[in-house]
Amino acid sequence: MLNDATVQRATAELLSAPQTLDSVARALPTTAGVYAWWAPPEVLTSFLGPVNSGDAGLRLLYLGKAGRLRSRVASNHLRDSGRSTLRRTLAGLLMPAEGYRTTWTDRVVLVPEDEQRLTRWMHHHLTLTWTEHPDPVPLEKELISRLRPPLNVEGAEHCASRARVKQARAFYYASAGPRAGQVDGFH
C-alpha cells in the first residue's frame, strides 16, 4: 500500500528538471522505479500533459514502470519497438510526417533503419525524469491516475487523447500489412 508521502516524493522527483537522453544512460540507476518522458510544447502539440516544474516549457507525455530503470530505458525504449509501447505509440503518431516503415518478426516492429531514426528523433525531442521505488507497479498506476500523461492508455481515463493514441497504435500495427500466411485475419 502506498502512503501519500511516497506518492508526493515520487511526483516531486518526476516533476524535477528532466535530463537529456544522452546523459541518462550513465545517470539512470539499475534499481526499480517509474520514469517520465517529457517534450517541448511544439512536439506532439495535440497531446497536452502536465507542465514540468523544473523546466516550465516541457510537458509530460508518458509514464512507465521498470524492474530495472537503466535497462528498460536504454535497451527497450531507446532501441526496440518490439519491446516498447512508447516507441510503437510514437512511431504510429509520427508515421505520416516521418514515413516510418514496419515489418513482421514475431510482432510488428520498425525496420532497422527506422528504429535508428526514431531513436535519433527521441534524443532530439524528448527528456526523462525518474524516481526509484522497489514496487513500481502500484506507484505507476497511482501516478498515471494523478498526472494523466496523454500517451498512456492503461489506467488512463477515457478522453480524446486516449482515442488518438489507440488510433495511432492501430495504424502502426496495420502498417506492416497482414502477417505471412494470414488471410482475412485467420492463420
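Structure's up top.
Note that this is a predicted model, so its numbers are computed, not measured.

Participant: Any chance you could explain the sheet that holds strand β6 (residues 127-132) here in plain terms?
Facilitator: Strand pairing in a sheet relies on backbone hydrogen bonds, with the paired strands running either antiparallel or parallel. One open sheet holds the four strands; their spatial order is β1-β6-β2-β3, and the pairing between them is antiparallel. Of all strands in the sheet, those bounded by a partner on one side alone are β1 (19-20) and β3 (59-66). Bridging between strand β2 (residues 33-39) and β3 involves seven bridges; their strand directions are antiparallel. Looking at β3, one finds that A39 is bridged to R59. Relative to β3, helix α6 (residues 136-147) is tilted by about 165°, and along the sheet it contacts β2, β3 and β6.

Participant: Honestly, the side chain of R88 in this entry has me stumped. Any pointers?
Facilitator: Position of R88 among the secondary structure elements: in helix α4 (residues 85-98). As a buried residue without a salt bridge, R88 has its nearest oppositely charged side chain in D80, at a separation of 6.9 Å.

Participant: Got a minute to help me understand the pattern of salt bridges in this structure?
Facilitator: Two side chains with opposite charge may pair up if their charged atoms get near one another. Scanning the model with the defined rule gives 11 salt bridges in all. Where D80 meets R83, a salt bridge forms, and the shortest distance between an N and an O atom there is 2.9 Å. Relative accessible area serves as the criterion here: at 44%, R83 is assigned to the partly exposed category. Linked by salt bridges that have partners in common, E98, R101, E113, D114 and R117 make up one network.

Participant: Quick question: what am I supposed to make of the environment of R68 here?
Facilitator: Within the element layout of this structure, R68 appears in the loop between β3 and α3 (69-77). In sequence terms R68 and V34 are 34 residues apart; their C-alpha atoms lie 9.6 Å from each other. Beyond its immediate stretch of four places on either side in the chain, R68 contacts T30, T31 and A32.

Participant: Would you mind going over the pairing of β6 with me for this structure?
Facilitator: Side-chain direction in a regular strand flips from residue to residue, so the side chains alternate between the two faces of the sheet. Most of β6 sits out of view: five of its six residues are buried. Direction of pairing for β1 relative to β6: antiparallel, over a ladder of two bridges. Looking at the pairing, T20 lines up with T127 of β6. Sheet topology places β2 next to β6; six bridges connect them, and they run antiparallel. Its bridge partner lying in β6, A36 is registered against T129.

Cut-offs used in this document
Residues numbered from 1 in each chain as written. Predicted model: local features only at pLDDT ≥ 70, side-chain atom pairs only at ≥ 80, totals over all residues. Heavy atoms only, no water. Pairing = 2+ DSSP bridges. Helix = DSSP H or I, 4+ residues; strand = E, 2+ residues; numbered from the N terminus. Contact = heavy atoms within 4.5 Å. Axes fitted to C-alpha atoms, helices over the stretch in contact; angles between N-to-C directions. Buried < 20%, exposed > 50% of the residue type's maximum accessible area, 1.4 Å probe, protein only. Lys, Arg positive; Asp, Glu negative; His and termini not counted. Salt bridge = Lys/Arg side-chain N within 4 Å of Asp/Glu carboxyl O.

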